[in-house]
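Descriptive analysis of the structure
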Amino acid sequence: FRQPEQRFLSSWYDDVDLFRADPSTWVCGTNITPGWLMDMDQFKARWGGSATQQLVGKFNATQADVPMALERLREGLAFVGLQEEWP
């Protein structure tokens, strides 16, 4: 896996899918001008913990949900990897 911090920074610097915009601007959303761009603290509050939320199936996952997310990673996924590292 990539480090969570690296995934997070990648989405912060992604200027195609502008996740730090409000409203978020997607690739397919042409001619959309964001109302404003979030600063890093606002971005963390909105998007931080997204992977954990997806793994546990809860929108407002907390630190207490992390063990369940880790267990699902270890026992519930057949393969996870970066395409550029797969022959």
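Residues numbered from 1 in each chain as written. Predicted model: local features only at pLDDT ≥ 70, side-chain atom pairs only at ≥ 80, totals over all residues. Heavy atoms only, no water.

**Regarding the pattern of salt bridges**
The condition that has to hold: A pairing counts as a salt bridge when a side-chain nitrogen of Lys or Arg comes within 4 Å of a carboxyl oxygen of Asp or Glu. Only DSSP runs of H or I covering at least 4 residues are called helices, and only runs of E covering at least 2 are called strands; the numbering of each starts at the N terminus. For each residue, the accessible area found with a 1.4 Å probe, counting protein chains only, is set against the maximum for its type, and the residue is called buried under 20%, exposed over 50%, and partly exposed in between.
Per the counting criterion, the structure on display carries two salt bridges. Of the charged contacts, one joins Asp41 and Lys44 as a salt bridge, the two residues approaching to 3.7 Å between their closest N and O atoms. Of the two residues, Asp41 and Lys44 are both situated in helix H2 (residues 40-47); the distance of three residues between them amounts to about one turn of the helix. Overall, the relative accessible area of 44% leaves Lys44 in the partly exposed class. In this structure, Asp65 and Lys58 form a salt bridge, with 3.2 Å as the shortest nitrogen-oxygen distance.

**Overview of the nonpolar core**
Our working definition: Side-chain atoms within 4.5 Å link the members of a nonpolar core, which is a set of buried Ala, Val, Leu, Ile, Met, Phe, Trp, Tyr and Cys residues. The contact criterion used is simple: two residues touch if any of their non-hydrogen atoms lie within 4.5 Å.
Counting five residues, the largest nonpolar core consists of Phe8, Trp12, Phe19, Met38 and Phe43. Setting aside its immediate chain neighbours within four residues, Met38 contacts Trp12, Phe19, Arg20, Ala21, Phe43, Arg46 and Trp47.

**A word on H2**
An α-helix turns once every 3.6 residues. As a result, residues three or four positions apart point the same way. Defined as follows: Definition of a polar contact: a pair of N or O atoms within 3.5 Å, with one able to donate and the other able to accept a hydrogen when the atoms are protein atoms, and with sequence-neighbouring residues admitted only if both atoms are side-chain atoms.
By the N-cap criterion, in which a side-chain oxygen at the helix start approaches the backbone nitrogen of a residue two or three places on, H2 is capped by Asp39, the distance to Asp41 being 3.1 Å. In the segment just after H2, Gly49 is the residue with positive phi, at about 85°.

**Considerations on the packing of helix H1 (residues 4-13) against H2**
For clarity, the cut-off: Here an angle of 0 to 180 degrees is reported between the N-to-C directions of two axes, which are lines fitted to C-alpha atoms, with helices fitted over the stretch in contact. By convention, the crossing between two helices is left-handed when the near helix turns anticlockwise from the far helix through less than a right angle, and right-handed when the turn is clockwise. Note on residue categories: nonpolar means Ala, Val, Leu, Ile, Met, Phe, Trp, Tyr, Cys or Pro, charged means Asp, Glu, Lys or Arg, and polar means any other residue, Gly included.
Taken N-terminus to C-terminus, the directions of H1 and H2 make an angle of 115°; their axes are 12 Å apart at the nearest point. Here the hand of the crossing between H1 and H2 comes out right-handed. Across the interface between the two elements, Phe8, Leu9, Ser11 and Trp12 from H1 touch Met40, Phe43, Lys44 and Trp47 from H2. In terms of residue class, the contact of H1 with H2 is built from six nonpolar, one polar and one charged.

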